[in-house]
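Next come the chains, spelled out residue by residue.
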Amino acid sequence: MQEKTIARLFLVQRLYRRILKLHRYLPNDLKKLGDQYVKEEFRRHKGANQLQAYEFMTEWKSYCDTLQNQISLPPSSLGVPLDPEKVNSLSQEQLGQLFHLQQEATKKI
């Protein structure tokens, strides 16, 4: 049992480090915002159940793959459009987080 927990913890830490390494290639304002968001999200999901943890890891791995493919592009080309089906399936709390993230990402510095 403890070995499984340690293995899962290692996978989470490895993914977290990979995200932060990829953020190094972003413009400073996006790096700062991304690092802060990632830190909060990983903290927020420490107590996730198995299904939540699986979905969490899957989505962050997808984010890493997308970012890996886009880091050589100009900052205006970063990201992908949100799937309307996924947006419709978000909870009110998740929609609030998404709105807050959008405000932070688009505010003038």
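Residues numbered from 1 in each chain as written. Predicted model: local features only at pLDDT ≥ 70, side-chain atom pairs only at ≥ 80, totals over all residues. Heavy atoms only, no water.

### Examining the overall build of the chain
When you go through the chain residue by residue, the secondary structure sums to 5 helices and 0 strands. Counting from the amino terminus, the chain carries its helices and strands in the arrangement α-α-α-α-α. Taking the principal axes of its C-alpha atoms as reference, the chain extends roughly 50 × 30 × 25 Å. Classification of the 109 residues of the chain by burial places 17% in the buried group. Considering only residue pairs separated by 6 or more positions, the chain has 58% of its internal contacts joining residues 24 or more positions apart. In the structure as shown, the chain presents an accessible area of about 8900 Å², 55% of it carried by carbon and sulfur atoms. Distance from the positive charge centre (17 side chains) to the negative charge centre (12 side chains) of the chain: 9 Å. (Helix = DSSP H or I, 4+ residues; strand = E, 2+ residues; numbered from the N terminus. Buried < 20%, exposed > 50% of the residue type's maximum accessible area, 1.4 Å probe, protein only. Contact = heavy atoms within 4.5 Å. Areas by Shrake-Rupley, 256 points an atom, 1.4 Å probe, with all protein chains shown as cover. Lys, Arg positive; Asp, Glu negative; His and termini not counted. Charge placed at Lys NZ, Arg CZ, Asp CG, Glu CD.)

### What to know about the packing of aromatic side chains
Inspection of the entire model under this criterion finds 6 aromatic pairs. With centroids separated by 4.9 Å and ring planes inclined at 75 degrees, the aromatic side chains of Phe-42 and Phe-56 adopt a geometry described as edge-to-face. Taken together, the positions of Phe-42 in helix H2 (residues 28-44) and Phe-56 in helix H3 (residues 50-70) put the pair 14 residues apart, joining distant regions of the chain. Residue classification places Phe-56 among the buried residues on the basis of a relative accessible area of 11%. Residues Trp-60 and Tyr-63 carry aromatic rings whose centres are separated by 5.2 Å and whose planes lie at 80 degrees to one another, so their mutual orientation is edge-to-face. Of this pair, Trp-60 and Tyr-63 both sit in helix H3, separated by 3 residues, roughly a single helical turn. Classification of Tyr-63 as partly exposed rests on a relative accessible area of 29%. (Phe/Tyr/Trp six-rings, centres within 6.5 Å; stacked < 30°, edge-to-face > 60°.)

Keep in mind that these numbers describe shape and distance, not what the molecule does.
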